[in-house]
Amino acid sequence: MYTQFSMWEIYEHRKVEKQLQGIPVEILKRYEKWKDIVYVSGPEGLKRIKGFRDEALKGEWQGYRSSRLNLQYRVIYKVKHSKIYVQVMSVTPHDYRRK
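So, how was this worked out
Residues numbered from 1 in each chain as written. Predicted model: local features only at pLDDT ≥ 70, side-chain atom pairs only at ≥ 80, totals over all residues. Heavy atoms only, no water. Helix = DSSP H or I, 4+ residues; strand = E, 2+ residues; numbered from the N terminus. Phe/Tyr/Trp six-rings, centres within 6.5 Å; stacked < 30°, edge-to-face > 60°. Buried < 20%, exposed > 50% of the residue type's maximum accessible area, 1.4 Å probe, protein only. Lys NZ or Arg CZ within 6 Å of the ring centre and 35° of its normal. Expected span 1.5 Å × (residues − 1). Bend = angle between axes of the 7 residues up to and from the residue. Core = buried A, V, L, I, M, F, W, Y, C linked by side-chain atoms within 4.5 Å. Contact = heavy atoms within 4.5 Å.

### Focus on unusual backbone geometry
1) Next: Not every positive phi belongs to a glycine, and Arg53 is a case in point at roughly 45 degrees.
2) Next: On the secondary structure map, Arg53 appears in the loop between α2 (25-47) and β2 (55-56).

Below you can see the structure in the form of structure tokens.
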């Protein structure tokens, strides 16, 4: 039996590295776990884990998705190219007004 197994690619916006500096260690660990799940299962894997509360965004952020890392921190990302890669736009305290 042939099983096709594909991994997702994760691209972080250039500002994400700076945003990750100074965030609490537990948030950084949760973000790394988030990336592990996305790498193997894509956004569908995030939907299976209720704690991430993965959801589509509206308004200014329409076309993007958000996953909860804790009550305050979110990962904002966009799926592009027919499920080939995930572009992480932001890892910040909850404030969707800035891009």
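### Let's talk about the packing of aromatic side chains
1) Next: Taken as a whole, this structure holds 3 aromatic pairs when the rule is applied.
2) Next: Centre to centre, the rings of Tyr31 and Trp34 are 5.9 Å apart; their planes meet at 15 degrees, and the pair counts as stacked. Of this pair, Tyr31 and Trp34 both sit in helix α2, separated by 3 residues, roughly a single helical turn. Accessibility assignment for this pair places Tyr31 and Trp34 in one class, buried.
3) Next: With 5.2 Å between their ring centres and 85 degrees between their planes, Trp61 and Tyr64 make a pair best called edge-to-face. Like Tyr64, Trp61 is buried.
4) Next: Clustering of aromatic rings is evident, with ring pairs tying together Tyr31, Trp34 and Tyr77.
5) Next: Here Arg30 stacks its cationic end above the ring of Phe52, 4.2 Å away from the centre of that ring.

### A closer look at α2
1) Next: With 23 residues, α2 extends just 24 Å between its outermost C-alpha atoms, more than 12% less than the 33 Å of an ideal straight helix rising 1.5 Å per residue.
2) Next: At Ser41, α2 is bent by approximately 125 degrees, the largest bend along its length, and proline Pro43 sits one to four residues beyond.
3) Next: Taken together, the buried positions of α2 are occupied by Ile27, Tyr31, Trp34, Lys35, Ile37, Val38, Gly42, Pro43, Gly45 and Leu46.

### A short note on the nonpolar core
1) Next: Ranked by internal contacts, the top residues of the largest apolar core, which has 16 residues, are Tyr31, Trp34, Leu46, Leu69, Val75, Val88 and Val91.
2) Next: Looking at this core, the elements with two or more residues in it are α1 (14-20), α2, β4 (73-80) and β5 (85-93).
3) Next: The element contributing the most residues to this core is α2, with 6 residues.
4) Next: Other than its neighbours up to four places away in sequence, Val75 contacts Tyr31, Trp34, Arg65, Ser66, Ser67, Leu69, Val88, Ser90 and Val91.
5) Next: Among the nonpolar cores identified, the runner-up in size contains 5 residues, and Leu57, Trp61, Tyr64 and Met89 belong to it.

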